[in-house]
Each structure stands twice: as C-alpha cells, then as structure tokens.
Amino acid sequence: MVIDLSDALGAPLRERNVIMLAAGYAPMHLEEEPGHVSFEIDRALQRMLRQHEPFPAIVMGRTWNFFASNDAAPRFFWKIC
C-alpha cells in the first residue's frame, strides 16, 4: 500500500525512502553519496575508454565535471592548446 501510494503521488526515490521509513519499513532504494560511482559502472566506463583508443575520449558529469579519460585524450588536447 505504501509503495502504491508513493507511485500514485509520483514521489522521487529519495522521498520514497523517507515514506517507507515513516511507515516502519526499510528503505527500498539505495542512496549513495554525490559523485559516487559503483564498481560495475566504473569498470564499464574504463572498458569503453580503452575501446576508443587511439581516439580521444573523456567522461564528464552533467555539470561538466571531469571524471576520466583514455590515454589519447591528453595528447589530443595538448596538441590543440
């Protein structure tokens, strides 16, 4: 019933956790720190960066924060500066 109510209200996942705790249940959705990347995602990104060699590739967040690059990216950006 609590889950159905949260769905009907369109509550965000963080708020659904609060609702579940208030109802006496455990939170359903994992809440991680901002900027935290799970092991599986990190491994997939590293593989994707390696596969783009010899072409430059970078990983940036939605606020243009730099996270990672492959070996070709610094060489490319050094040449154009």
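Residues numbered from 1 in each chain as written. Predicted model: local features only at pLDDT ≥ 70, side-chain atom pairs only at ≥ 80, totals over all residues. Heavy atoms only, no water.

Undergrad: How would you sum up a nonpolar patch on the surface? Please name residues and give values.
TA: A cluster of nonpolar side chains, Ile 58, Met 60, Trp 64, Phe 66, Phe 76 and Phe 77, forms an exposed patch at the surface whose accessible area comes to about 650 Å². The set of elements that each furnish at least two residues to the nonpolar patch consists of β1 (58–60) and α4 (72–80). By the element assignment, Met 60 lies in strand β1. (Patch = residues over 30% accessible without salt bridge, like charges linked within 9 Å, V, L, I, M, F, W, Y side chains within 5 Å. Areas by Shrake-Rupley, 256 points an atom, 1.4 Å probe, with all protein chains shown as cover. Salt bridge = Lys/Arg side-chain N within 4 Å of Asp/Glu carboxyl O. Helix = DSSP H or I, 4+ residues; strand = E, 2+ residues; numbered from the N terminus.)

Undergrad: Before we move on, can you summarise the environment of Glu 15 with the specific residues and values?
TA: Mapped onto the secondary structure, Glu 15 falls in helix α2 (residues 13–22). Given the relative accessible area of 39%, Glu 15 is considered partly exposed. Separated by 14 residues in sequence, Glu 15 and His 29 have C-alpha atoms that sit 9.9 Å apart. (Buried < 20%, exposed > 50% of the residue type's maximum accessible area, 1.4 Å probe, protein only.)

Undergrad: Tell me what's going on with the confidence of the model for the protein chain, and back it up with residues and numbers.
TA: Here the protein chain shows a mean pLDDT of 85. Residues at 70 or above account for 88%. Across the protein chain, element-level confidence peaks in β1 with a mean pLDDT of 90 and bottoms out in α4 with 79. (pLDDT = per-residue confidence, 0-100.)

Undergrad: Quick rundown of the pattern of salt bridges? Include the residues and the values.
TA: By the definition in use, this model includes one salt bridge. One salt bridge connects Arg 16 with Asp 7, and the closest N-O pair in it is separated by 2.5 Å.

Undergrad: So what's going on with the packing of aromatic side chains? Residues and values would help.
TA: This structure, assessed with the given rule, holds one aromatic pair. Between Phe 76 and Phe 77, the ring centres sit 5.1 Å apart and the planes meet at 75°, which makes this aromatic pair edge-to-face. (Phe/Tyr/Trp six-rings, centres within 6.5 Å; stacked < 30°, edge-to-face > 60°.)

Undergrad: Summarise the environment of His 52; cite the residues concerned and give the values.
TA: The topology assignment puts His 52 in the loop between α3 (39–51) and β1. Exposure remark for His 52: the relative accessible area of 38% places this residue in the partly exposed category. Once the C-alpha coordinates of His 52 and Ala 72 are considered, the two residues, 20 residues apart in sequence, prove to be 8.8 Å apart. Ignoring anything within four residues of it in the chain, the contact list for His 52 reads Ala 57 and Asn 70. A polar contact of 2.9 Å, which involves the side chain of His 52, links it to the backbone oxygen of Met 48. (Contact = heavy atoms within 4.5 Å. Polar contact = N/O pair within 3.5 Å; in protein donor to acceptor, adjacent residues only side chain to side chain.)

Undergrad: Run through the packing of helix α1 (residues 2–9) against α2, naming residues and quoting values.
TA: At their nearest, the axes of α1 and α2 sit 10 Å apart, and the two run at 150° to each other. Between α1 and α2 lies a crossing whose hand is right-handed. Along the contact surface, α1 presents Val 2, Ile 3, Ser 6 and Asp 7, while α2 presents Arg 16, Ile 19 and Met 20. Here the contact of α1 with α2 is built from residues that sort into four nonpolar, one polar and two charged. (Axes fitted to C-alpha atoms, helices over the stretch in contact; angles between N-to-C directions. Left-handed = near helix turned anticlockwise from the far one by under 90°. Nonpolar A, V, L, I, M, F, W, Y, C, P; charged D, E, K, R; others polar.)

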